[in-house]
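# Coordinate analysis (summary)
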Amino acid sequence: MVHIPALISSFLYSLQQIFTKFMCTVLQDHAKTLTMWEGYVDWRNRPAMKGCHGGVVAASFVLVVEILENLAYLANASNLVLYLSKTMNFSPSASANIVTNFMGTSFLLALLGGFLSDACLTTYYIYLISAAIEFMGLLMLTFQARIPSLRPPICASINRNTSCNEAGHGQAAMLFGGLYLAALGVGGIKGSLPAHGAEQFDENSPQGRKHRSTFFNYYIFCLSCGALIAVTLVVWVEDNKGWQWGFGISTVAILSSIAIFLLGSGTYRIKIPKGSPFTTILKVLVAAFCNSLFPKNSISNVLDTRKSPQNTTEISQEEEGHGEWKEEIQTEMNDQKFIDKSTMNKAAYPSLHCTVKQAEEVKIVVKILPIFMSTVMLNCCLAQLSTFSIQQAATMNTYIGALKVPPASLPIFPVIFTMILAPVYNHIIIPFARAATKSEMGITHLQRIGTGLFLSIVAMAVAALVEMKRKRVAAQSGLMNSTEPLPITFLWVALQYLFLGSADLFSLAGLMEFFFTEAPLSMRSLATAVSWASLAMGYYLSSVIVSIVNHITGRFQRTPWLYGSNLNHYHLERFYWLMCILSGLNFLHYLLWATRYKYRSTEPDDQRDKNDNTPSEAQL
């Protein structure tokens, strides 16, 4: 039963918190006694103040914005393969590749958003610019879906050797123009919004780090909330009322997210950009290469730079409040000798001389790259949820009782499971793990990622078994060349969605927090964007694997495994078994690197400065 007084009290308390933040912003110029957040400003480029900016309230605006943003994105991405095949007349395999390329580009462009956030703009402005670009792209798609002359005529051919009339040049140009404008906007949002939310917490206190970990868990929860609305309400509207209404809802959602984001402007603390992280990485690598080819001094000069007054001053001034660099410099100097050569006192080219801090930043990037590469195969498996899995469900009985469920609503199963599991994980599993392990993390980032990778193996095996059953029913029913629904419920396909959805929860949240925590301070937006880049590479890899499989199998058989307009003639089960084997090999590759990885210290900075102990053994 709903308690009205409790709701009113909660609402008034929220208003009071927002009003307090607003008053802090208004009186900031006169609040001389407030302590500033070093390295952060407010949205008006004034110093951010403790007690006025950052914290749970600021991060809450980000979480609400993410619900609307993911609703706008996933409402189209989850059902786009059917729009392309039924409305724009592309073949199933071509539609699948267009979707994976679109989603891959969206996530890959997150690197651009993260780079610009770290280099010259801020996460605040990158979000606003990107949301405006996505709005323009969705508007173009809405007009195309609304006006018949901008689409090809409907084709209902079931002959696997007969092609339908695809979109003309002008129609295709408008389609891909709208899609990739939306992709550019999505990329900028994905590259800036998670980092913007995580930056609202004080990493120098255990409570702040725990709140940041909670933020990443609830970020995934909010992703799922947006996805739930997208794959139920919006997909139903697209299938029953028309795609112009579906695109229209997405357009309104992204516009509303901009308004809510702006409403929280007074509460944000915004990290000041410190220049291009790529410049630092490139300079260190070029310097190390040149010093290796043209050495002017021995490697002892590398060790001397650690003690030189110049470098000590630079570290203390530029990284004040971030003492982890001191321990990193003492313990990691002998791990990567090549990068160490960039810090020689008597370098081959003095203009390329690098500080110890710059070298250590690049070392950290090099260390996390193998972990990043190990997650690409998982995301290649996830790509199947938006392509072949939906096409499978479209051939099956999609009724639950008297309710007809759109095939694109299949993701509702992992979405609901994620919405249940995320709070359980954060409020039950993690506290228990912290108490059992006596550590701040409880369950390490790499353990979460590894769990996701293992679940992806199981998911692909389940997908192969389900497809074998689906085709067997089609053959026994004499419906191999029919467009009638097969006498088998689409809930069988939901099994692979559950496993892959669970894998996504464990891997994505763990990966984002891992990259944000382990990355240098000047690269955190870019590092968080790397999580989305892994998704992008997975979608691209999916397209590459489909093309390679068709090319190879087409040379040894009359038709390739994944060819034609009739999914019943595909050898999709063989493709899924192949993905299962590749995922298993990838998991072994991940274990090789994860068991050797050493985490950076999770102690507060003031304790870390005083701690002379070496890092603990590598933990998974």
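This one's a predicted model, so the numbers in the text were calculated from it and none came from an experiment.

## A look at the nonpolar core
Judged by nonpolar contacts, the single largest core of 143 residues is most densely connected at Phe388 and Phe575. Ranked by size, the runner-up nonpolar core spans nine residues in total, among them Val284, Ala287, Ala359 and Val365.

## Here we look at the pattern of salt bridges
A full pass over the atoms with the stated rule returns nine salt bridges. A salt bridge links arginine 470 to glutamate 467; the shortest N-O distance between them is 2.9 Å. One end of the pair is arginine 470 and the other is glutamate 467, both in helix H19 (residues 445-476) and three residues apart, which spans about a single turn. Judged by its relative accessible area of 0%, glutamate 467 falls in the buried class. Among the salt bridges present, the one from glutamate 573 reaches lysine 471, with a minimum N-O distance of 3.6 Å. Of this pair, glutamate 573 sits in helix H22 (residues 572-594) while lysine 471 sits in helix H19, placing them 102 residues apart in sequence. By relative accessible area, lysine 471 is classed as buried at 14%. What emerges from the salt-bridge pattern is a single network uniting Glu66, Glu69 and Lys190.

## What about the packing of helix H7 (residues 169-198) against helix H21 (residues 524-556)?
Their axes nearest at 8 Å, the elements H7 and H21 cross at an angle of 125°. Classified by the angle between their axes, H7 and H21 sit oblique to one another. Remark: the crossing between H7 and H21 carries right-handed chirality. Counting all contacts with H7, which are made through Lys190, Gly191, Pro194 and Ala195, the residues of H21 involved are Ser525, Thr528, Ala529 and Trp532. Residue composition of the contact of H7 with H21, grouped by class: four nonpolar, three polar and one charged.

## Some thoughts on the environment of phenylalanine 247
Its location among the elements puts phenylalanine 247 in helix H9 (residues 243-263). A residue is classified by how much of its surface remains accessible, and phenylalanine 247, at 1% relative accessible area, is buried. Sequence separation between phenylalanine 247 and valine 234 is 13 residues; the distance between their C-alpha atoms is 8.8 Å.

## Quick word on a nonpolar patch on the surface
On the surface, Ile416, Ile420, Val424, Ile428 and Ile429 cluster together into a nonpolar patch covering about 400 Å² of accessible area. In this structure, isoleucine 416 sits in helix H18 (residues 412-437). Given the relative accessible area of 37%, isoleucine 416 is considered partly exposed.

## Remarks on the pairing of strand E7 (residues 486-489)
Only one face of E7 is covered, namely the face carrying Leu486 and Ile488; the face carrying Pro487 and Thr489 is uncovered. Sheet topology places strand E4 (residues 396-397) next to E7; two bridges connect them, and they run parallel. By the bridge assignment, methionine 396 is partnered in E7 with leucine 486.

## Describing the confidence of the model for the chain
Of the residues in the chain, 80% have a pLDDT of 70 or more, and the chain-wide mean is 77. Of the regions scoring below 50 in pLDDT, residues 27-32 engages in eight contacts with residues more than four places distant in sequence or in other chains. This model gives residues 602-620 a pLDDT under 50, and the stretch forms 40 contacts once residues within four places in sequence are excluded.

## Re the packing of aromatic side chains
According to the stated counting rule, one finds 23 aromatic pairs in the structure shown. Ring centres of phenylalanine 201 and phenylalanine 215 lie 6.2 Å apart, and the angle between their planes is 50°; on these two criteria the pair is classed as tilted. Of the two residues, phenylalanine 201 sits in the loop between H7 and helix H8 (206-240) while phenylalanine 215 sits in helix H8, which places them 14 residues apart along the sequence. This pair shows no difference in class: phenylalanine 201 is buried, exactly as phenylalanine 215 is. For the pair phenylalanine 514 and phenylalanine 515, a centre-to-centre distance of 5.5 Å together with 50° between the ring planes defines the contact as tilted. Phenylalanine 515 carries the same exposure label as phenylalanine 514, and that label is buried. The residue whose ring lies beneath arginine 269 is tyrosine 40, and the NZ or CZ to ring-centre distance is 4.0 Å. Above the plane of the ring of phenylalanine 516 lies arginine 524, whose end atom (NZ or CZ) is 4.9 Å from the centre.

Analysis parameters
Residues numbered from 1 in each chain as written. Predicted model: local features only at pLDDT ≥ 70, side-chain atom pairs only at ≥ 80, totals over all residues. Heavy atoms only, no water. Core = buried A, V, L, I, M, F, W, Y, C linked by side-chain atoms within 4.5 Å. Buried < 20%, exposed > 50% of the residue type's maximum accessible area, 1.4 Å probe, protein only. Salt bridge = Lys/Arg side-chain N within 4 Å of Asp/Glu carboxyl O. Helix = DSSP H or I, 4+ residues; strand = E, 2+ residues; numbered from the N terminus. Axes fitted to C-alpha atoms, helices over the stretch in contact; angles between N-to-C directions. Parallel < 35°, antiparallel > 145°, perpendicular 65-115°, else oblique. Left-handed = near helix turned anticlockwise from the far one by under 90°. Contact = heavy atoms within 4.5 Å. Nonpolar A, V, L, I, M, F, W, Y, C, P; charged D, E, K, R; others polar. Patch = residues over 30% accessible without salt bridge, like charges linked within 9 Å, V, L, I, M, F, W, Y side chains within 5 Å. Areas by Shrake-Rupley, 256 points an atom, 1.4 Å probe, with all protein chains shown as cover. Pairing = 2+ DSSP bridges. pLDDT = per-residue confidence, 0-100. Phe/Tyr/Trp six-rings, centres within 6.5 Å; stacked < 30°, edge-to-face > 60°. Lys NZ or Arg CZ within 6 Å of the ring centre and 35° of its normal.

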